[in-house]
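Chain by chain, the residues run as shown.
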Amino acid sequence: MTKPLLEVHNLRKVFKKADGSQHVAVDDISFHLETGEIFSFLGPNGAGKSTTINMITTQLTPTSGTIKIAGRDIRTDPINARRKIGIVAQYNNLDRGLTAFENLVYHGRYFGMTTQAAEQRANELLADFGLSEWRQDYVKSFSGGMAQRLKIARAIMHRPQLLFLDEPTTGLDPAYREILWDHVLRLNRQQQTTVFLTTHYMEEPERFSDHVAIYQQGKIRALGTIPELRQLVPAASIVYATVDAVTAPLLQELNQQPFIKEILQKDEKNLAIFPNTDDQILQQVLPIFEQQPVKLENIRLSFASLDDIFVHVTEHPTEMEVKAHA
Ligand SMILES: Nc1ncnc2c1ncn2[C@@H]1O[C@H](COP(=O)(O)OP(=O)(O)OP(=O)(O)O)[C@@H](O)[C@H]1O
Ligand SMILES: [Mg+2]
């Protein structure tokens, strides 16, 4: 078996807070990424996702633990590690004193591209990300979404082997989200670029990820493929129902049914019902809605969404265990 591209062992980061107390942002995590995989690192705000990325990309020193890229410890060879990676950081780290075009070309040159190759790729990426007419403008005049598009273009300029995307689609409109994914998937397919993604938009890992880690308070609570993670929720198939308004009597009636294991009220109109059985479940549930003075707007049976898996895992942390791949 080939060596994993990225190996993280017992990684830990403790920050000192302003009041002198300590905060464990990353709490002894281990995982690895194979070449060519798309890995999603999901977790609530403050879970420690960016801190993890910042350590792997050599921008922050770990308190303890080891990180290897292509088998080499990044502490002993940080320059080699940096050459292999591209990063879309969460914050705006563009060079404000350079134009859009210069930001890309300088980056490409730093990563060993010839001037001609860097200029050609910069022009292509500026066109793809809708920035051609701004190529000579300084980035300090850019809107949030424009700066985000330029950060993405810069991260993929040199076609990195390992690409870190820290909430890359935040602030991007849907059309540019597609363009981002088009580029990332092309790199992934054409040259086996490995992708490490953090996002709060669950449809992205659902569409693109090979493995997903659910991360909370510095610990990996669950890790695996989406079908593996689905085994952690009370039922693999869930009845999703939308009514005009969820009422207490409706919830009470549903709760009394022996074929229903758990009900999750997602908002004032939407319910996720975890059945005990896969047998004729819609036929059993439908009459309950019909007997109630509520208007059923939509009902469907489907596999648990990543959103529901995420909510379940983060709300039942002690029951979880790492499934695979750690
Ligand atoms: N330089 C720092 N000094 C002190 N505490 C820090 C520092 N950087 C991060 N933290 C703390 O570490 C924790 C994890 O932060 P981190 O930015 O990694 O979270 P995150 O999972 O990326 O969250 P988000 O989804 O909001 O981006 C937070 O509680 C944060 O306050
Ligand atoms: Mg973050």
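The residue count restarts for each chain, going from 1 along the sequence in the order it is written. Starting at A for chains and at 1 for ligands, labels are handed out in the order in which the entities are written. The predicted origin of the model limits local features to residues at a pLDDT of at least 70 and limits the giving and counting of side-chain atom pairs to 80 or more, whereas totals for whole chains, interfaces and linings rest on all residues. To get the side-chain values, all heavy atoms of the structure are used, and hydrogens and water are removed first.

Looking up the protein chain in an unreviewed UniProt entry gives the name ABC transporter ATP-binding protein, with the organism given as Lapidilactobacillus achengensis.

1. Side note on the pairing of strand E11 (residues 237–243)
Every regular strand shows the same layout, with side chains that alternate between the two sheet faces. When you tally the buried positions in E11, you get seven out of seven residues, the bulk of the element. Note: two strands are recorded as paired if DSSP finds a minimum of 2 bridges between them. Starting at the N terminus, helices and strands are each numbered in turn, a helix being any DSSP run of H or I of at least four residues and a strand any DSSP run of E of at least two. Summarising the sheet, E11 and strand E14 (residues 296–303) pair through seven bridges and their orientation is antiparallel. Note on E14: the bridge partner recorded for alanine 241 is isoleucine 299. Pairing between E11 and strand E13 (residues 270–275): four bridges, direction antiparallel. By the bridge assignment, alanine 241 is partnered in E13 with leucine 271. Accessibility here uses a 1.4 Å probe with only protein chains present; expressed as a share of the type maximum, an area under 20% marks a residue as buried, one over 50% as exposed, and anything in between as partly exposed.

2. Thoughts on the coordination of the magnesium ion (ligand 2)
Summarising the metal site, the magnesium ion (ligand 2) is bound by the protein donors Ser50 (OG) and Gln90 (OE1), whose distances to it range over 2.0 to 2.1 Å. Note that serine 50 is positioned in helix H1 (residues 49–56) and glutamine 90 in the loop between strand E6 (85–88) and helix H3 (100–110), a separation of 40 residues in sequence. Taking the relative accessible area as the measure of exposure, glutamine 90 reaches 41% and is therefore partly exposed. Because water is not among the atoms used, a metal site may look incomplete, as its donors are only the N, O and S atoms within 2.8 Å, or 3.2 Å for Na, K and Ca.

3. Concerning the UniProt feature "domain: ABC transporter" (unreviewed entry) in the protein chain
UniProt positions are given in the numbering used here, feature names are shortened, and annotations may be inferred rather than shown by experiment. Here, UniProt's "domain: ABC transporter" (unreviewed entry) annotation points to residues 6–242. Measuring from the first to the last C-alpha atom of residues 6–242 gives 43 Å, for a span that is 35% helix and 29% strand.

4. As for the nonpolar core
Here the nonpolar core consists of buried residues drawn from Ala, Val, Leu, Ile, Met, Phe, Trp, Tyr and Cys, with membership extended through side-chain atoms lying within 4.5 Å. If you look at the biggest cluster of nonpolar residues, it comprises 36 residues, and the most contacted ones within it are Leu104, Phe129, Phe142 and Leu150. Broken down by element, this core gets its largest block of residues, seven residues, from helix H5 (residues 144–156). In this structure leucine 150 touches Leu94, Ala100, Asn103, Leu104, Leu126, Leu131, Val139 and Phe142, once residues within four positions along its chain are discounted. With 26 residues, the next largest nonpolar core counts Ile29, Ile56, Ala81 and Ala213 among its residues. A contact between two residues is defined here by any heavy atoms of the two lying within 4.5 Å.

5. A few points about H5
An expected span of 1.5 Å times one less than the residue number is assigned to each helix. Compared with the 18 Å implied by 1.5 Å per residue over 13 residues, the 19 Å span of H5 between its first and last C-alpha is a close match. With 12 of 13 residues buried, H5 lies mostly within the body of the structure. Every buried residue of H5 is accounted for by Gly145, Met146, Ala147, Gln148, Arg149, Leu150, Lys151, Ile152, Ala153, Arg154, Ala155 and Ile156. Its buried side turned inward, H5 meets E6, H3, helix H4 (115–128), strand E7 (162–166) and helix H6 (174–191).

6. As for the sheet that holds E11
Sheet strands pair via backbone hydrogen bonds, and the direction of the pair is either parallel or antiparallel. Read across the sheet, four strands follow the order E12-E13-E11-E14 without closing on themselves; strand pairing throughout is antiparallel. Each edge of the open sheet is held by one strand with a lone partner, namely strand E12 (260–265) and E14. Strand-to-strand twist across the sheet, computed as the mean angle between neighbouring axes with direction ignored, equals 20 degrees. Helix axes are fitted to C-alpha atoms over the stretch in contact, other axes to C-alpha atoms as well, and angles between N-to-C directions run from 0 to 180 degrees. Seen against the sheet, helix H9 (residues 248–255) touches E11, E12 and E13 and runs at an angle of roughly 155 degrees to E12.

7. What about the packing of H3 against H5?
Following both chains from N to C, one finds H3 and H5 inclined at 20 degrees, their axes separated by 9 Å at the closest point. The pairing of H3 with H5 is recorded here as roughly parallel in orientation. H3 and H5 meet at a crossing whose hand is right-handed. Residues Ala100, Asn103, Leu104 and His107 of H3 lie in contact with H5, whose contacting residues are Leu150, Ala153 and Arg154. Note that Gly is not counted as nonpolar here; it falls among the polar residues with everything else outside the nonpolar set of Ala, Val, Leu, Ile, Met, Phe, Trp, Tyr, Cys and Pro and the charged set of Asp, Glu, Lys and Arg. Considered class by class, the residues forming the contact of H3 with H5 number four nonpolar, two polar and one charged. Here is the rule for angles: anything less than 35 degrees is roughly parallel, anything more than 145 is roughly antiparallel, 65 through 115 is roughly perpendicular, and the remaining ranges are oblique. Handedness of a helix crossing follows the sense of rotation of the near helix relative to the far helix, less than a right angle counterclockwise being left-handed and clockwise being right-handed.

8. Things to note about the environment of tyrosine 240
Considering the arrangement of structural elements, one finds tyrosine 240 in strand E11. Classification of tyrosine 240 by relative accessible area gives buried; the value is 9%. For the pair formed by tyrosine 240 and phenylalanine 303, sequence separation is 63 residues and the distance between their alpha carbons is 9.8 Å. Sequence-distant contacts of tyrosine 240, that is, excluding residues within four places in its chain, are made with Lys266, Leu271, Ala272, Asn298, Ile299, Arg300, Ser302, Phe303, Ala304, Ser305 and Asp308.

9. Quick notes on unusual backbone geometry
A positive phi angle, near 65 degrees, is found at aspartate 28, a position not held by glycine. Mapped onto the secondary structure, aspartate 28 falls in strand E2 (residues 22–33). Although it is not a glycine, glutamine 217 sits at a positive phi angle of roughly 45 degrees. Relative to the helices and strands, glutamine 217 resides in the loop between strand E9 (211–216) and strand E10 (219–224). According to the relative accessible area criterion, glutamine 217 is exposed, its value standing at 60%.

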